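These are the residues of each chain, in order.
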Amino acid sequence: MNNRIKELAEQAWDYVDAHCPYASEEQEMFEKKFAELIAAAEREACAKVCDGIDRRYINQADKCAAAIRARNE
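Quick word on the packing of helix 2 (residues 26–51) against helix 3 (residues 58–70)
Here comes step 1: The interhelical angle for the contact between helix 2 and helix 3, taken along N-to-C directions, is 175 degrees, at an axis separation of 8 Å. Classified by the angle between their axes, helix 2 and helix 3 sit roughly antiparallel to one another. Between helix 2 and helix 3, the contacting residues are Arg-43, Glu-44, Cys-46, Ala-47, Lys-48, Cys-50 and Asp-51 on the first element and Ala-61, Cys-64, Ala-65, Ile-68 and Arg-69 on the second.
Here comes step 2: The class makeup of the residues in the contact of helix 2 with helix 3 is seven nonpolar, no polar and five charged.

This is the structure we're talking about:
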């Protein structure tokens, strides 16, 4: 597992520790939060690709990055 995935897993467990009152629900909450964090990281990675597009295409690149980041909403 790469370091970024390990960091996201740790963040998910930290979230569970802070928000889950019942041990029986920990795994489900972890899986949900971990999936959310992975999806957010992937969206941001994709948006950064758009951010790096040649400046001649800046309007399209900005729209592309904004559309990807907006998928969280």
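Considerations on the nonpolar core
Here comes step 1: Residues Leu-8, Ala-9, Ala-12, Val-16, Cys-20, Phe-30 and Leu-37 constitute the largest nonpolar core, which totals seven residues.
Here comes step 2: Those elements giving two or more residues to this core turn out to be helix 1 (3–19) and helix 2.
Here comes step 3: With four residues, helix 1 is the largest single contributor of residues to this core.
Here comes step 4: Residue contacts for Phe-30: discarding those within four places in its chain leaves Ala-9, Ala-12, Trp-13 and Val-16.

Focus on the state of the cysteines
One covalent bond between the sulfur atoms of two cysteine residues makes up a disulfide.
Here comes step 1: A complete count under the given rule lists one disulfide for this structure.
Here comes step 2: Two residues, Cys-50 and Cys-64, share a disulfide whose sulfurs are 2.1 Å apart. Linking Cys-50 in helix 2 with Cys-64 in helix 3, this pair joins segments that are 14 residues apart in sequence.
Here comes step 3: Take Cys-64: its relative accessible area is 29%, and that puts it in the partly exposed class.
Here comes step 4: Here Cys-46 stays free of any disulfide, with the sulfur of Cys-50 as its closest cysteine sulfur at 7.6 Å.

Parameters at a glance
Residues numbered from 1 in each chain as written. Predicted model: local features only at pLDDT ≥ 70, side-chain atom pairs only at ≥ 80, totals over all residues. Heavy atoms only, no water. Axes fitted to C-alpha atoms, helices over the stretch in contact; angles between N-to-C directions. Helix = DSSP H or I, 4+ residues; strand = E, 2+ residues; numbered from the N terminus. Parallel < 35°, antiparallel > 145°, perpendicular 65-115°, else oblique. Contact = heavy atoms within 4.5 Å. Nonpolar A, V, L, I, M, F, W, Y, C, P; charged D, E, K, R; others polar. Core = buried A, V, L, I, M, F, W, Y, C linked by side-chain atoms within 4.5 Å. Buried < 20%, exposed > 50% of the residue type's maximum accessible area, 1.4 Å probe, protein only. Disulfide = S-S within 2.5 Å.

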